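Residues per chain are reported as follows:
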Amino acid sequence: MNKELEKIKLKTLIFEALGEASLQWEPKPTGVFDSTGAIKVGEKLYTEIDAMLDYVIERAVELSRQTDFKGDFYRSKYEIKSIIKGEVK
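Bear in mind the structure is a predicted one, so any value in this text is a computation, not a measurement.

About the thresholds
Along each chain, the written sequence defines residue order, and numbers are assigned to residues from 1. Whole-chain, interface and lining totals are the exception, using all residues; otherwise, since this is a predicted model, local features are given only for residues with pLDDT of at least 70 and side-chain atom pairs are given and counted only at 80 or more. To get the side-chain values, all heavy atoms of the structure are used, and hydrogens and water are removed first. Going along the chain from the N terminus, every DSSP run of H or I of four or more residues is numbered as a helix, and every run of E of two or more is numbered as a strand. Each residue gets one of three labels from its accessible area relative to the maximum for its type: buried under 20%, exposed over 50%, partly exposed in between, using a 1.4 Å probe on protein chains only. We call two residues contacting when some pair of their heavy atoms lies within 4.5 Å. Methods summary: accessible areas were calculated by the Shrake-Rupley approach with a probe of 1.4 Å, and residue burial reflects only the protein chains presented. Definition used for salt bridges: Asp or Glu carboxyl oxygen within 4 Å of a side-chain nitrogen of Lys or Arg. Given a helix with a known number of residues, its expected span is that number minus one, times 1.5 Å. In protein, a polar contact requires one atom able to donate a hydrogen and another able to accept it; more generally it is a pair of N or O atoms within 3.5 Å, and residues adjacent in sequence count only if both atoms are side-chain atoms. Only Phe, Tyr and Trp rings are paired, with Trp represented by its six-membered ring, and only when their centres lie within 6.5 Å; those with planes under 30 degrees apart are stacked, over 60 edge-to-face, the remainder tilted. Remark: a charge is flagged as sitting over a ring if the NZ atom of Lys or the CZ atom of Arg is within 6 Å of the ring centre and within 35 degrees of the ring normal.

A. A look at the overall build of the chain. Each helix and strand in the chain was counted, giving 3 helices and 0 strands. Overall, the chain shows an N-to-C arrangement of helices and strands of α-α-α. When each of the 89 residues of the chain is scored for burial, the buried share is 16%. When contacts within the chain are restricted to residue pairs at least 6 apart in sequence, long-range pairs at least 24 apart make up 61% of them. Roughly 7300 Å² of accessible area belongs to the chain as shown, and the carbon and sulfur atoms make up 61% of that amount.

What follows is the structure in structure tokens.
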């Protein structure tokens, strides 16, 4: 999958999740839904995730250069997951 398709899929997942979350009220709210505000939230979330993914990819490349990726694959995979969770700076 190319990078543009990955970005489209990520945005789709974010906006679908926001839409689903907005329907979890009980009782359901009445009135007009501010889609402009929801779009701003989605775009901000997408920007943050995209930046985090860029960092993780850069770090993965750096790790692959530091190891031979034969015996250290699982250590590197663990470190990448730690970066994603914000445990490693």
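Here the narrative resumes.
B. Just the environment of Phe-15, in detail. Topologically, Phe-15 is positioned in helix 1 (residues 3–22). On the accessibility criterion, Phe-15 (28% relative accessible area) is partly exposed. Sequence separation between Phe-15 and Gly-42 is 27 residues; the distance between their C-alpha atoms is 6.0 Å. Beyond its immediate sequence surroundings of up to four residues, Phe-15 is in contact with Ala-38, Ile-39, Gly-42 and Glu-43.

C. Summary view of the environment of Phe-33. Looking at the secondary structure, you find Phe-33 in the loop between helix 1 and helix 2 (35–66). Phe-33 sits 11 residues away from Ser-22 along the chain, and the two C-alpha atoms are 9.3 Å apart. Among residues more than four places away in sequence, those in contact with Phe-33 are Ser-22 and Ala-38.

D. Spotlight on the pattern of salt bridges. Under the counting rule described, the total for this entry stands at 1 salt bridge. Linking Lys-11 and Glu-43 is a salt bridge whose minimum nitrogen-to-oxygen distance equals 3.3 Å. Of this pair, Lys-11 sits in helix 1 while Glu-43 sits in helix 2, placing them 32 residues apart in sequence. Glu-43 sits in the partly exposed class, given a relative accessible area of 31%.

E. Structural view of the environment of Tyr-46. Within the secondary structure, Tyr-46 is located in helix 2. The class of Tyr-46 is buried, set by a relative accessible area of 8%. Distance in space between the C-alpha atoms of Tyr-46 and Thr-12 is 9.9 Å, their sequence separation being 34 residues.

F. Here's a closer look at helix 2. The end-to-end C-alpha separation of helix 2 is 46 Å, in line with the 46 Å expected for 32 residues at 1.5 Å each. Residues of helix 2 that are buried include every one of Gly-42, Tyr-46, Asp-50, Val-56, Arg-59 and Leu-63, and no others. Its side-chain oxygen at 3.2 Å from the backbone nitrogen of Thr-36, Asp-34 defines the N-terminal cap of helix 2.

G. Quick look at the packing of aromatic side chains. For the structure on display, the rule yields 0 aromatic pairs. Across from the ring centre of Tyr-46, 4.9 Å away, lies the NZ or CZ of Lys-11, which sits over that ring.

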